[in-house]
Amino acid sequence: MDTSNTNKPQRAPGRRQKAAAIMQILEDLYPETPIPLTHSDAYTLLVSVLLSAQCTDERVNKVTPHLFALADNPAAMQQQPVAAIQDIIRPCGLAPRKAQAIWDLSGILLREHGGEVPQSFEALEALPGVGHKTASVVMSQAFGVPAFPVDTHIHRLAERWGLSSGKNVEQTEKDLKALFPREKWNKLHLQIIFFGRQYCPARGHKREACPICSLYGKKG
């Protein structure tokens, strides 16, 4: 009996092989991916994503019903004093800046886009308070355009799983887009967020109990 290969160390999987295995685990755990932020159209999604900066989705979902009861479209929002918007969104943090951005972008949508949310990264990122991550969420979740929004949580998990160098969110986005099929990006973005919340938190994380880190996570 040839036992010459039995004691050889197993070669660690490459990034692409690891990514495929992780994608299957995520698909098994989260076959359905409901959008975490409650919204009714592209405009209310845009405002909700803007409010979610440095704030939890849960808190945003408690605030937006009150905000959208006041104004749920650009024309109605422009008719409100910025102070009224600010009072409602105060629990989300950074209220003065966010309220002004919501009021300002509503005016731009009316003047430059016929009151509609534009369907391009360039036009979205030109709006006040809208960065690349926010634009990516709107493009993917409102319009179905393949995008891979990377927030601090996805950035952290990609580095923890050895899928990215972890230098910055821009590099992480490039790395993940290169590893995963384009048609899977929108769903994977949400699956990774759900997984991070349930199994892979920043603090108190137990590697051996994590369905992904126990198999593919970086040690240390």
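Just so we're clear, the structure is a prediction, and the values are computed from it rather than from any experiment.

S.K.: How do you make sense of the layout of surface pockets when you look at a structure like this?
M.R.: It is the rolling of a water-molecule-sized probe over the atoms that shows where space remains empty. Roughly 1000 Å³ of volume is contained in the largest pocket. For the largest pocket, the lining is made up of 44 residues, of which Ser52, Ala53, Gln54, Lys133 and Asp151 are closest to its centre. Counting residues per element, the ones that place at least two in the lining of the largest pocket are helix 2 (42-51), helix 3 (57-70), helix 6 (95-112), helix 8 (132-141), helix 9 (152-160), helix 10 (169-179) and helix 11 (185-198). When the residues that make up the lining of the largest pocket are grouped by side-chain class, the tally is 21 nonpolar, 13 polar and ten charged.

S.K.: Mind showing me how you'd approach the environment of Gly196 here?
M.R.: Relative to the helices and strands, Gly196 resides in helix 11. Through-space distance from the C-alpha of Gly196 to that of Gln78 is 37 Å; in sequence the pair is 118 residues apart. Other than its neighbours up to four places away in sequence, Gly196 contacts Leu157 and Pro201.

S.K.: How should the side chain of Arg160 be read in this particular structure?
M.R.: Tracing the backbone through its elements, the reader meets Arg160 in helix 9. As a buried residue without a salt bridge, Arg160 has its nearest oppositely charged side chain in Glu159, at a separation of 6.4 Å. Beyond its immediate stretch of four places on either side in the chain, Arg160 contacts Cys200, Pro201, Ala202, His205, Cys213, Gly217 and Lys218.

S.K.: What should I look at first to understand the pattern of salt bridges in this one?
M.R.: Where side chains of opposite charge bring their charged atoms close, a pairing between them can arise. In this structure the tally under the stated criterion is five salt bridges. Salt-bridge contacts for Lys187 lead to Glu27; the nearest nitrogen and oxygen are separated by 3.1 Å. Taken together, the residues Lys187 in helix 11 and Glu27 in helix 1 (residues 15-29) connect sequence positions 160 residues apart. Judged by relative accessible area, Lys187 falls into the partly exposed class, the value being 26%. One salt bridge connects Asp57 with Arg197, and the closest N-O pair in it is separated by 2.7 Å. With Asp57 in helix 3 and Arg197 in helix 11, the pair connects residues that are 140 residues apart, well separated along the chain.

S.K.: Help me understand the packing of helix 3 against helix 5 (residues 82-89), please; the structure alone is not making it clear to me.
M.R.: The geometry of a pair of packed helices is captured by two quantities: the angle between their axes and the separation between those axes. One can describe the packing of helix 3 onto helix 5 by two numbers: an axis separation of 9 Å at closest approach and a directional angle of 155 degrees. Considering the angle they form, helix 3 stands roughly antiparallel to helix 5. Note on packing geometry: the crossing formed by helix 3 with helix 5 is right-handed. Across from Val63, His66, Leu67 and Leu70 in helix 3, the residues of helix 5 making contact are Ile85, Ile88 and Ile89. Each residue belonging to the contact of helix 3 with helix 5 can be placed in one class, and the counts come to six nonpolar, one polar and no charged.

S.K.: It is not clear to me how the nonpolar core should be interpreted in this structure. Could you clarify?
M.R.: Buried together is how nonpolar side chains tend to be arranged in soluble globular proteins. Grouped together as the largest cluster of nonpolar side chains are 35 residues, with contacts concentrated most on Leu67, Ile89 and Ile102. Breaking this core down by element, the ones donating at least two residues are helix 2, helix 3, helix 4 (74-78), helix 5, helix 6 and helix 8. Of the residues forming this core, the biggest block, eight residues, is contributed by helix 2. What Ile102 contacts, discounting residues up to four positions off in sequence, is Tyr43, Val47, Leu50, Leu51, Leu67, Met77, Ile85 and Ile89. Among the nonpolar cores identified, the runner-up in size contains 27 residues, and Tyr30, Phe148, Phe180 and Ile193 belong to it.

Reading the values: rules and limits
Sequence order as written defines the numbering, with residues in each chain counted from 1. Only residues with pLDDT of at least 70 are given local features in this predicted model, and only at 80 or more are side-chain atom pairs given and counted; all residues enter the totals for whole chains, interfaces and linings. Heavy atoms from the whole structure form the basis of all side-chain values; hydrogens and water molecules are not counted. Buriedness of a pocket was judged along seven lines, with at least five required to meet protein on both sides within 12 Å; pockets are open sets of points on a 1 Å grid over the protein atoms alone, cavities are sets where a 1.4 Å probe fits but cannot get out, and lining residues have an atom within 4 Å of a point. Grid points are joined across faces, edges and corners, and a volume is the space filled by probe spheres set on the points. Numbering goes from the N terminus for both helices and strands, where a helix is a DSSP run of H or I of at least four residues and a strand is a run of E of at least two. For this classification, Asp, Glu, Lys and Arg are treated as charged, while Ala, Val, Leu, Ile, Met, Phe, Trp, Tyr, Cys and Pro are nonpolar and the rest, including Gly, are polar. Should any heavy atoms of two residues lie within 4.5 Å, those residues are considered in contact. Note on classification: 1.4 Å probe, protein chains only; a residue is buried when its accessible area is under 20% of the maximum for its type, exposed when over 50%, partly exposed between these limits. The sign given to each residue is positive for Lys and Arg and negative for Asp and Glu; His and the chain ends receive no count. Between Lys or Arg on one side and Asp or Glu on the other, a salt bridge is scored when a side-chain nitrogen of the former is within 4 Å of a carboxyl oxygen of the latter. Only C-alpha atoms enter the line fits that serve as axes; for helices the fit covers just the stretch in contact. Angles between N-to-C directions range over 0 to 180 degrees. Reported orientations rely on four angle classes, namely roughly parallel under 35 degrees, roughly antiparallel over 145, roughly perpendicular from 65 to 115, and oblique for the rest. The sense of a crossing depends on the near helix, which, turned anticlockwise from the far helix by less than a right angle, makes the crossing left-handed and, turned clockwise, makes it right-handed. Residue types Ala, Val, Leu, Ile, Met, Phe, Trp, Tyr and Cys, when buried and joined through side-chain atoms within 4.5 Å, form a set referred to as a nonpolar core.

Any link to function would need more than the numbers given here.
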